[in-house]
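An overview of the molecular structure
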Amino acid sequence: MSPIDTAPIDAAAARSELIAHALAKATEAHAGQIRNGSGGLPYIEHPRMVAATLAARDYDETTLAAALLHDVVEDSDTTVEELRAEFGDAVADLVAALSDDESIESYRERKDEHRSRVAAVDGDALAIYGADKLTNMTTLHVAIEAEGIKVADEYEVPLGLKLEVWEADAAMLGATAPELSLLDPLATAISRLAADLRAADPHPCT
């Protein structure tokens, strides 16, 4: 079961051909994949939760379609140009903005570059970016509660570094889009994960 209710995106897909198409495309692109730090959830549940978070806040169909597709360029053979041909410029441009530059090897540098790029984009890229981070942290927190801190070993970098990056992401969103309704939930999610880390290692080396 997903840690975030996905009913809002299912309802949106029932109303919108574009969203239904994006959901089908994402499901196909992520078939057989498991999301890291999720306690074994099928990967497709991640974009469904990101999109559902935004659907519950009444974002438009272009934004919801892009939210469903935001990881397909990073994590499948799908290209931005294929999305452009299939879904149009608005969706493709959002997905391009939300895709990491995989040519940057350093995790921190890659995330810093991506954050700066998203901050410079007009439109709803910031909302999708925030919903993505909120979904990551919420999913991980629930997995830690169920299985313990060992689930963080699924990530390519230490959880402490990921938490630093998520804190920087939230700070950027607060400075760039202070009206974003996701800011308070993001702050809560960061506090919960910080508590998870402290509980796992109450006496860290200094």
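To start, this report covers the structure provided alongside it.

Cut-offs and rules
Residues numbered from 1 in each chain as written. Predicted model: local features only at pLDDT ≥ 70, side-chain atom pairs only at ≥ 80, totals over all residues. Heavy atoms only, no water. Helix = DSSP H or I, 4+ residues; strand = E, 2+ residues; numbered from the N terminus. Rg over C-alpha atoms; globule rule 2.2 N^0.38 Å. Buried < 20%, exposed > 50% of the residue type's maximum accessible area, 1.4 Å probe, protein only. Lys, Arg positive; Asp, Glu negative; His and termini not counted. Charge placed at Lys NZ, Arg CZ, Asp CG, Glu CD. 1 Å grid on protein atoms, 1.4 Å probe; cavity = no way out; pocket = protein on both sides within 12 Å on 5 of 7 lines; lining within 4 Å. Points joined across faces, edges and corners; volume = space filled by probe spheres on them. Nonpolar A, V, L, I, M, F, W, Y, C, P; charged D, E, K, R; others polar.

**Some remarks on the overall build of the protein chain**
- For the protein chain, the count of helices and strands is eleven helices and zero strands.
- For the protein chain, the sequential pattern of α-helices and β-strands runs α-α-α-α-α-α-α-α-α-α-α.
- Its C-alpha radius of gyration of 16 Å places the protein chain within 12% of the 17 Å reference for a compact globule of 206 residues.
- Here the protein chain, with 206 residues, has 50% of them falling under the buried criterion.
- Of the charged side chains in the protein chain, 16 are positive and 39 negative; the average position of the first set lies 4 Å away from that of the second.

**So, the layout of surface pockets**
- Empty space within the largest pocket amounts to approximately 580 Å³.
- What lines the largest pocket is a set of 28 residues, and nearest its centre among them are Arg-35, Tyr-43, Glu-74, Lys-111 and Lys-162.
- For the lining of the largest pocket, the secondary-structure elements that each account for two or more residues are helix H5 (72-75), helix H8 (107-119), helix H9 (125-147) and helix H10 (159-176).
- Here the element with the most residues in the lining of the largest pocket is H9; it accounts for five residues.
- Class assignment of the residues belonging to the lining of the largest pocket gives a composition of ten nonpolar, four polar and 14 charged.

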